[in-house]
Amino acid sequence: MRTSRLYIFGSLFLLALTGGTFGFHLVEGVGLFDSFYFSIITMSTVGYGDIHPWTTGGKLIAICLVFAGVGTFVGVVESVAESVFSVKEERAKREKRNMIRGIFFSDVGLDLLSRIVPADPARDGLYGRLDVNASWDRKRFKKAAKLLDAHVFTLDASQVDLHAVRALLREKSDLLLRLLENPSIGEHEAFSDTLRAIYHLRDEILCRPEDLSTLPASDLKHLGGDLSRVYSYISGQWLAYVRYLKESYPYLFYLAVRTNPFNPEASPIVKE
C-alpha cells in the first residue's frame, strides 16, 4: 500500500516537473537547466526569486506548478518518510515475534518436538539432512525448508510417550494461552497456526482418561493425526527460528545446534 502511494505520487511529481520544465523553457525562453531549477524551487515552495516568469503563459505554468506540484512533492516526502518508519516498525515487530518464538521453544516447543521426532517412521530421511551447523547458509536453509515441505508427517501415537506429552502440555497450559493472546502473534499466521494446533492437542489429550495405555486403536489413530499436525507445524517453525538465530544471535544459535531434535546424538553438553 505504501509502495503504491509512493509510486503514484512519484509519477505525478515527475509528470508535473517535466511539464513545468519544458513548459517554462518554451514559453519563457529560459534554458532547460534554469527551467528545471525554477520548477523544483516552485514545487518545493522555496521560491528564491532569482528566476521568475515574465509572460502570462509562464505565470500560468507557475500557478499550475504550485497547485499540482506542491501536493505531489509533499506526497512523495510523506510516502518516503512512512516507508522508512514502516521498515523500522516492521523490524521491531519481527524482533518481538522472534523473541516470543524463542520463549516458546525454550519452554515447550523444543521439548515437545524432541518427544515427537523419534516416533516418526520416516525420521531417517530427516536425520543428517537437518543437522544444522555453522556452515549453513541461506541456500542450505531453503533446501532444508523444501525438504520439510515434501516430508510426510505421519505419526503412530502408540510410539509417542503420551503421558509425558500430556504432562508437558498440562504444565505449560498457561504459557500457551498467554502466547495465543499476545497481539503480536496474530500477525504471524504460521506461528499462530502452530500454537492453535498444540492447544488443540492439549485439549484432546487432557480429555482422555489418566491411563492412556487403555485407549483403543481408533482413538490412537485420531491422536496420531493431531500429533502429526503439530509435528508438521512445529518443525517448520523450528527451522525458521534456527535460521533467524544464525543470522542475528550466534551464541543462541550454537545452543540450538547442540539441542537439535533432528540429531539423535545432540547434547547441550559442550564436548571437545
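Attention here is on the structure that accompanies the text. (Residues numbered from 1 in each chain as written. Predicted model: local features only at pLDDT ≥ 70, side-chain atom pairs only at ≥ 80, totals over all residues. Heavy atoms only, no water.)

Next up on the list: the environment of L227. Relative to the helices and strands, L227 is located in helix α8 (residues 217–248). Setting aside chain neighbours within four positions, we find L227 in contact with I116, L155, A157, V160, L162 and L201. (Helix = DSSP H or I, 4+ residues; strand = E, 2+ residues; numbered from the N terminus. Contact = heavy atoms within 4.5 Å.)

In this section: the side chain of H151. Looking at the element boundaries, H151 is found in the loop between α4 (138–150) and α5 (162–171). Here D120 takes part through its side chain, which lies 2.8 Å from a polar atom of the side chain of H151. Residues within four places of H151 in sequence aside, it is in contact with D120, A122, L126 and Y231. (Polar contact = N/O pair within 3.5 Å; in protein donor to acceptor, adjacent residues only side chain to side chain.)

The next subject is the environment of A164. Inspection of the secondary structure puts A164 in helix α5. Looking at A164, the relative accessible area reads 17%, which means it is buried. Measuring from C-alpha to C-alpha, the distance between A164 and R115 comes to 8.3 Å, with 49 residues separating the pair along the chain. (Buried < 20%, exposed > 50% of the residue type's maximum accessible area, 1.4 Å probe, protein only.)

Taken as a whole, this structure holds 10 aromatic pairs when the rule is applied. Ring geometry for F104 versus F105: centroids 5.0 Å apart, planes at 70°, classification edge-to-face. The class of F105 is buried, set by a relative accessible area of 5%. One aromatic cluster in this structure is built from F104, F105, F191, Y241, Y244, Y249 and Y251. Directly above the ring of Y199 sits R202, whose terminal nitrogen or CZ lies 4.9 Å from the centroid. (Phe/Tyr/Trp six-rings, centres within 6.5 Å; stacked < 30°, edge-to-face > 60°. Lys NZ or Arg CZ within 6 Å of the ring centre and 35° of its normal.)

The full count for this structure, using the stated rule, is 11 salt bridges. The closest approach of N and O atoms between R196 and D193, which form a salt bridge, is 3.4 Å. Highlighted residues: R196 and D193, both in helix α7 (residues 189–206), separated by 3 residues, approximately one helical turn. (Salt bridge = Lys/Arg side-chain N within 4 Å of Asp/Glu carboxyl O.)

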